[in-house]
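Observations on the model geometry
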Amino acid sequence: PLDKGLNRNAAANMEEKSQKEIKLKKACADFEAIFIYYMFKTMRNTVPRSGLLNKITGKDTYEMMMDQKVSEELAKKGGLGLQTVLFNQIKTGK
């Protein structure tokens, strides 16, 4: 009976650790997506604006939404590697 209790406790601890790692990986991926988005936003602001395309209604909104989606997709596929570095450092506590 005591052995079964220890096994259940160990299994519960492993499940909790696994759930925490999944949440940590998601948080690291989300952070990288935000980082990439701001990098795109900053890069876009360095491009000189011509008078031709500035008059299009909703252009800024479209660009923002596109940058957000591209950033999320890049982060899902591994992105710049920032999420891996963050995950490993937070996981090991360094």
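A brief structural summary. On a predicted model such as this, the values are computed, not experimentally measured, just so you know. (Residues numbered from 1 in each chain as written. Predicted model: local features only at pLDDT ≥ 70, side-chain atom pairs only at ≥ 80, totals over all residues. Heavy atoms only, no water.)

1. What to know about helix 2 (residues 59-76)
The terminal C-alpha atoms of helix 2 lie 26 Å apart, and with 18 residues this matches the ideal 26 Å at 1.5 Å per residue to within 8%. Lys-59, Glu-63, Asp-67, Ser-71 and Ala-75 are the residues of helix 2 that are buried. Along the axis of helix 2, the buried positions cluster into a sector of 125°, meaning they face one direction only. Away from the buried face of helix 2 by more than 90 degrees, exposed residues Tyr-62 and Lys-76 are located. Immediately beyond the C-terminal end of helix 2, within one or two residues, lies Gly-78, with a positive phi of roughly 110°. (Helix = DSSP H or I, 4+ residues; strand = E, 2+ residues; numbered from the N terminus. Expected span 1.5 Å × (residues − 1). Buried < 20%, exposed > 50% of the residue type's maximum accessible area, 1.4 Å probe, protein only. Arc of directions from axis to C-beta.)

2. With respect to the packing of aromatic side chains
Per the stated rule, a full pass over the model turns up one aromatic pair. With a centroid separation of 5.2 Å and an interplanar angle of 75°, the aromatic rings of Tyr-37 and Tyr-38 are classed as edge-to-face. Residue Tyr-37 is classed as buried on the basis of its relative accessible area, which comes to 13%. Residue placement shows Lys-25 over the ring face of Phe-87; its charged tip is 5.4 Å from the ring centre. (Phe/Tyr/Trp six-rings, centres within 6.5 Å; stacked < 30°, edge-to-face > 60°. Lys NZ or Arg CZ within 6 Å of the ring centre and 35° of its normal.)

3. Side note on the layout of surface pockets
Rolling a probe over the atoms, with the probe sized like a water molecule, indicates the empty space that remains. There is about 190 Å³ of room inside the largest pocket. Forming the boundary of the largest pocket are Lys-26, Ala-29, Asp-30, Ala-33, Ile-34, Tyr-37, Tyr-38, Gln-68, Ser-71, Glu-72, Ala-75 and Lys-76. Where the lining of the largest pocket is concerned, the elements lending two or more residues are helix 1 (2-46) and helix 2. Looking at the lining of the largest pocket element by element, the count peaks at seven residues for helix 1. Residues belonging to the lining of the largest pocket are distributed by class as follows: six nonpolar, two polar and four charged. (1 Å grid on protein atoms, 1.4 Å probe; cavity = no way out; pocket = protein on both sides within 12 Å on 5 of 7 lines; lining within 4 Å. Points joined across faces, edges and corners; volume = space filled by probe spheres on them. Nonpolar A, V, L, I, M, F, W, Y, C, P; charged D, E, K, R; others polar.)

4. Description of the pattern of salt bridges
On inspection of all chains with the given rule, the structure shows eight salt bridges. Between Glu-21 and Lys-91 there is a salt bridge, and its shortest N-O distance comes to 3.5 Å. Placement of the pair is Glu-21 in helix 1 and Lys-91 in helix 3 (residues 82-92), with a sequence separation of 70 residues. Under the relative-accessibility criterion, Lys-91 is labelled partly exposed at 48%. We note a salt bridge from Lys-59 to Glu-63, for which the minimum N-O separation is 3.1 Å. On the criterion of helical spacing, the pair formed by Lys-59 and Glu-63 is a turn pair, its members being four residues apart in helix 2. (Salt bridge = Lys/Arg side-chain N within 4 Å of Asp/Glu carboxyl O.)

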